[in-house]
Amino acid sequence: MTAAAAPARSLTDIATALGAQLVGDGSVLVRGVAHPAMAEGADTLALAVDESAEKALARTKAAAAAVAEGRAAALAGLKGGIVVKRPRLALAKLLEIFDRPPVSAPGVHPSAVIDPSATVAPDASIGPLCSVGPRARIGARTRLLAQVSIGAGTSIGDDCLVHSGARVGDHCMVGNRVIIQPNAVIGADGFSFVTPEKGSIESARETGRIEAQNLAIVRINSIGNVVLGDEVEIGAGTMVARGTLGPTRIGRGTKIDNLVQVGHNCTIGSNCLIAGNVGISGSVTLGDRVTLAGGVGVADHISIGDDSIVVAGSGVWQSIPPREIWGGYPAQPWKDSQSFYLHVKRLPRMLRDLMALRERIAELEKKLLASGDARPGGRK
Amino acid sequence: MTAAAAPARSLTDIATALGAQLVGDGSVLVRGVAHPAMAEGADTLALAVDESAEKALARTKAAAAAVAEGRAAALAGLKGGIVVKRPRLALAKLLEIFDRPPVSAPGVHPSAVIDPSATVAPDASIGPLCSVGPRARIGARTRLLAQVSIGAGTSIGDDCLVHSGARVGDHCMVGNRVIIQPNAVIGADGFSFVTPEKGSIESARETGRIEAQNLAIVRINSIGNVVLGDEVEIGAGTMVARGTLGPTRIGRGTKIDNLVQVGHNCTIGSNCLIAGNVGISGSVTLGDRVTLAGGVGVADHISIGDDSIVVAGSGVWQSIPPREIWGGYPAQPWKDSQSFYLHVKRLPRMLRDLMALRERIAELEKKLLASGDARPGGRK
Amino acid sequence: MTAAAAPARSLTDIATALGAQLVGDGSVLVRGVAHPAMAEGADTLALAVDESAEKALARTKAAAAAVAEGRAAALAGLKGGIVVKRPRLALAKLLEIFDRPPVSAPGVHPSAVIDPSATVAPDASIGPLCSVGPRARIGARTRLLAQVSIGAGTSIGDDCLVHSGARVGDHCMVGNRVIIQPNAVIGADGFSFVTPEKGSIESARETGRIEAQNLAIVRINSIGNVVLGDEVEIGAGTMVARGTLGPTRIGRGTKIDNLVQVGHNCTIGSNCLIAGNVGISGSVTLGDRVTLAGGVGVADHISIGDDSIVVAGSGVWQSIPPREIWGGYPAQPWKDSQSFYLHVKRLPRMLRDLMALRERIAELEKKLLASGDARPGGRK
């Protein structure tokens, strides 16, 4: 039942761990990191990597601070500090050192229900009121917090962290060092239906009109599963549907934010970043290192190439090549979308221009008529 | 604790069940279906209903395959096969025969908490750590997987499947053969508030300006419920709010995908298809067989007529008649939206044209002025 | 285990409680409220505050009704009624009197797992299969329904209602009279990552092109928490991420609908109204009494001023001053967005106009050429 505070580290140690420049007294002991204004004592390292935080250093309780390159002067008045090159990376490393992981107890909580045929690593932690189904496997040092469900035949790798209320359905495969946030669902059924006769959607696609009705809807069951690669992170309330016949795959290192929908049969590459409220339809393929910003929607059977970025709030209706930035609704190369917004902004002026031209033409026509009339034999 | 594989079926049986044409040896035994490349043995029926799958038949381990009409030639080299007319419908039927349903055990798991006043059918299955409230009723052959909550006075029909972590609040009514995916919520309270004095929203509606403030916000409690018709499916993480006074209704056969919001007091017809990430505000009425594609938003008190389709990512701010295809933001008849996008694409050219015309007019004006000057008595 | 019906109240009592005008027999006893068509007996107060409900009064079983100001004539035929000034406010008050709150039992359910170091108020109600972590505190009269998780060191105030399956992570602070709907998550980790070297997103921001790849992704752990003010309401399936170092804050009285994402480090003011499917990125600041309509997306580090309203489906990419109405994608002052939509609607006509002008100019040019040719010495 440990929320064990990280052990104290000297400033010298920290500078070494971060590859940062040490300034002042390297023997200062640090037990945590905080914004300068929120440091609770001298043993906190104040993070002052932006201008407003730097100002707050004047009144901090911390004895030491981290500042960005070129800003070492801000450390004056403190016992010591470190100068970091890439502040967010330094933040990541500091929060790895001084992490405050979710509290969990070793072993299997007596209230958890573990099927006798399941395999749980002896050093795994299974929290209160978890359910682990038949033939499931829970890897070494993996922690399930409270009220997690692991389905039948599902395998969870080593060093995973599955937060409260997360569900992993039957027959899924979760890699090592995977994090699943609270109430996420891995392995819901795919949304897959067919009408016995031609239905309204097919009719609309073929003729642009509704000439058929969905009088009956037949379910296509999902017998596939979900496979999550190593180091994947799945956000809170995010839903990943299982494949119809085979797997829905999420590649190694891909991070997915909260309330994201990943449809059935999708193949998501490695190291993708998928922000909150994104909706990915069925059978979508994302390459490696694709970034989808918040609220993006992707239509079914679309491919998005390696390293491409889709701007927030966009609707992707056609496939995107690698290394491109797309956006808008429907999404197009972002430069075209931006040009579109600029042109749209000019519309009122265009309309005024158009009306002005019309008047000038009318005037010209009058004049020409008059001058034509004035000349004998002039054309009308 | 059965994940019982489906019993083997002969190819002849399968052809008969599907109304498909049999090719070759009808005695081939089939125990499952798979993509040709993923078939694990001769007793798998390879599904080769599209071109790429057809190519994979050359190297499949399967002894038999299903192909689309007119493609029977692709079965050469196999022991047998079936030729199907409507491949997705055949897929649905095959996955009904060879389904791999969620693993569940008969009876009430000892860790489940069933209120003594609840009624559970003897052949229902109540999974580990479920909670069934006072006076609730669970119908025949209905399965609750792990950690499901059923509220007080709520009735779940026969042959339902309620996945892990799904919540059905108090006083709701769920029909027969309903499927509720993991972590879905039926019967959350409606989002319904009022300000004692006129607030900012009313002011904005009346005057187009913010002339009042929401200094206090009073809650309108929800004492209604949710009623789900037979064969409804509710997606993972989908939220259906209860009515204020009466029911929020979802009609028979309607299928809702993941992460969908259905607001309080809505009436959704039968056989609707509602894709992922859709948001339906309060008091919306959907007719029968309405399709909302992914990410659609519908404003409150809107009606959408029977058989109409709303295109992905659209925002519906006005009611839609039956049998129409609408789309865009704000949504309008889809043809108008498409014409809008086409016109918008022409904007840069329009702007260039406009500037070219302006130059030609200026040139004309100069000429006319010159020619006018040249003539005695010419008008200026 | 009480779903105790509210005690009967006389019409006189009700009129007094609502500050409404009494009509007819004030001794009529009322036990509940309903739409006139759904009133189950004479002891129901029929709510007839709009035209269609008023018509249904002719056939209601209710003996009394509530009508809007100026509509007292509609009470003819009933034993009595009340005339209310602000119908929705009257509805709120009536549903406070005749509420049907979720059923819960006093005390701690034996199946709940309460860490010995947690503090639970003696009059709190902890439902079946709840988990309350080490050093957590549950306030007076607070009710946790079924299968709720409360993390280590987390404090829940007095008179709160936490619905089934809601999760509040470690170290969070929840005020008094807070309502958390089913399967909501308070305190998931923030979505915060950094690439050791410059990545694709930074490259895109700096150059408009993808000139770097996210070859490694490093996690920034979240050691902050979430702080919810008094009277906050969090919708079903809504996700609030914890701060990186400090708190994500939601101010007193703010109401959030279902399936909303609130990113890490956000500061949301008091009395805000945030509708369903809204996505708020990290480090966003909302003032007091801000309204975000359904499906709005807000980019990171944006501020929205007090009392401002953002129209449904909009994407906010720049900060919004107080007391303004914004909308569209990207959001701009709503009047400009509306003008944009009007102009876009005129595009087809503009195009036709442009083509007509071009023809008239060509005609003019021809004429001028002809007339110029006709005159000796005319300029070409």
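About the cut-offs
- Along each chain, residues carry numbers from 1 onward, in the same order as the chain's sequence is written.
- In the order they appear in the text, chains get letters beginning with A and ligands get numbers beginning with 1.
- Totals for whole chains, interfaces and linings use every residue, but because this is a predicted model, local features are given only for residues with pLDDT of at least 70 and side-chain atom pairs only at 80 or more, for both listing and counting.
- Neither water nor hydrogens contribute to the side-chain values; these are computed over all heavy atoms in the structure.
- Among the buried residues, those of types Ala, Val, Leu, Ile, Met, Phe, Trp, Tyr and Cys that are joined through side-chain atoms within 4.5 Å form a nonpolar core.
- Any residue under 20% of the maximum accessible area for its type is buried, any over 50% is exposed, and the rest in between are partly exposed; the area is computed with a 1.4 Å probe on protein chains only.
- By the convention used here, residues are in contact when the closest approach between their heavy atoms is within 4.5 Å.
- Computed with a 1.4 Å rolling probe, the buried area is the accessible surface lost when two parts are put together, summed over both parts.
- Only one rule defines a salt bridge in this text: a Lys or Arg side-chain nitrogen within 4 Å of an Asp or Glu carboxyl oxygen.
- Pairing of N or O atoms within 3.5 Å defines a polar contact, subject to two protein rules: one partner must be a possible hydrogen donor and the other a possible acceptor, and residues neighboring in sequence count only if both atoms are side-chain atoms.
- Helix and strand definitions follow DSSP, with helices as H or I runs of at least four residues and strands as E runs of at least two, each counted in order from the N terminus.
- Classification convention: Asp, Glu, Lys, Arg as charged; Ala, Val, Leu, Ile, Met, Phe, Trp, Tyr, Cys, Pro as nonpolar; all other residues, Gly among them, as polar.
- Domain start and stop positions are those given by an automatic or database domain assignment.
- The rule for pairing is simple: two strands pair if DSSP sees at least two bridges between them.
- Seen with its strands pointing away from the viewer, a crossover is right-handed if its path from the first strand over the helix to the second goes clockwise.
- Throughout, an axis means a line fitted to C-alpha atoms (over the contacting stretch in the case of helices), and angles, computed between N-to-C directions, take values from 0 to 180 degrees.
- Each angle is binned into one of four classes, with values under 35 degrees roughly parallel, values over 145 roughly antiparallel, values of 65 to 115 roughly perpendicular, and all other values oblique.
- The handedness criterion is simple: a crossing whose near helix is rotated anticlockwise from the far helix by less than a right angle is left-handed, and one whose near helix is rotated clockwise is right-handed.

Caption draft 1: Seen up close, the nonpolar core. Leu 347 and Met 350 of chain A, Leu 347 and Met 350 of chain B together with Leu 347 and Met 350 of chain C are the most contacted members of the largest nonpolar core, which totals 54 residues. Every residue in contact with Leu 347 of chain B, bar those within four places of it in the chain, is listed here: His 343, Val 344, Leu 347 and Met 350 of chain A together with Leu 347 of chain C.

Caption draft 2: Representation of the interface of chain C and chain A within the structure. Across the contact, 84 residues belong to chain C and 81 residues belong to chain A. Here chain C and chain A share an interface that buries about 6,400 Å² over both sides, 65% of which is from carbon and sulfur atoms. Per-residue buried area on chain C facing chain A is highest for Phe 191, Ile 210 and Tyr 329 of chain C; these three make up 11% of the total on that side. On inspection of chain C and its partner chain A, the count reaches four salt bridges. Between Asp 353 of chain C and Arg 358 of chain A there is a salt bridge, with the nearest N and O atoms lying 2.8 Å from each other. Viewed at the interface, chain A and chain C are joined by 26 residue pairs in polar contact (both at pLDDT 80 or more). For the side of chain C that touches chain A, the secondary structure elements donating two or more residues are strand E21 (185-188), strand E22 (193-194), helix H4 (200-207), strand E23 (218-219), strand E26 (239-241) and helix H5 (334-374) of chain C. Of the residues forming the side of chain C that touches chain A, the biggest block, 16 residues, is contributed by H5 of chain C. Of the residues in the side of chain C that touches chain A, the class split is 43 nonpolar, 25 polar and 16 charged.

Caption draft 3: The interface of chain B and chain C, seen in detail. The interface of chain B with chain C comprises 86 residues on the first partner and 81 residues on the second. Overall, the association of chain B and chain C removes approximately 6,500 Å² of surface from exposure, summing both partners, and the carbon and sulfur fraction of that is 65%. The largest share of the area that chain B buries against chain C comes from Phe 191, Ile 210 and Tyr 329 of chain B, three residues that together contribute 11% of it. Between the two partners, chain B and chain C, sit four salt bridges. Notably, a salt bridge pairs Glu 202 of chain B with Arg 86 of chain C, separated by 2.7 Å at the nearest N-O pair. Summed over the shared surface of chain B and chain C, the result is 26 residue pairs in polar contact (both at pLDDT 80 or more). Residue assignment for the side of chain B that touches chain C shows that the elements contributing at least two residues are strand E21 (185-188), strand E22 (193-194), helix H4 (200-207), strand E23 (218-219), strand E26 (239-241) and helix H5 (334-374) of chain B. Top contributing element to the side of chain B that touches chain C by residue count: H5 of chain B, with 18 residues.

Caption draft 4: Here's a closer look at the domain arrangement of chain A. Residues and elements named next belong to chain A. Here the domain parsing of chain A yields domain 1 (9-97), domain 2 (114-183), domain 3 (185-296) and domain 4 (344-378). For domain 2 and domain 3, the distance between their C-alpha centres works out to 23 Å. Counting from both sides, the interface comprises 17 residues of domain 2 and, opposite them, 19 residues of domain 3. Of the roughly 1,400 Å² buried between domain 2 and domain 3, counting both surfaces, carbon and sulfur atoms make up 46%. On the domain 2 side of the interface with domain 3, the three residues burying the most area are Met 173, Arg 177 and Gln 181, jointly 29% of the side's total. Across the contact surface, domain 2 and domain 3 share two salt bridges.

Caption draft 5: Examining the pairing of strand E5 (residues 44-48) of chain A more closely. Residues and elements named next belong to chain A. Counting buried residues in E5 gives five out of five residues, a clear majority hidden from the surface. The two faces of E5 match: Thr 44, Ala 46 and Ala 48 on one face and Leu 45 and Leu 47 on the other face are all buried. Note that strand E4 (residues 32-34) and E5 share three bridges and pair parallel. Within the sheet, the bridge partner assigned to Gly 32 lies in E5 and is Thr 44. Bridge count between E5 and strand E6 (residues 64-68): four bridges; the pairing is parallel. Bridge pairing links Ala 46 to Ala 65 in E6. Read as a crossover between parallel neighbours, the route from E5 over helix H2 (residues 51-56) to E6 is right-handed.

Caption draft 6: Geometry of the packing of helix H1 (residues 11-18) of chain A against helix H3 (residues 87-97) of chain A. Residue and element names in this part refer to chain A. Where H1 contacts H3, the axes come no closer than 10 Å and their chain directions differ by 125 degrees. In terms of axis orientation, H1 runs oblique to H3. Crossing angle aside, the handedness with which H1 passes H3 is right-handed. In this structure, H1 uses Ile 14, Ala 17 and Leu 18 to contact H3, whose residues at the interface are Ala 90, Lys 93, Leu 94 and Ile 97.

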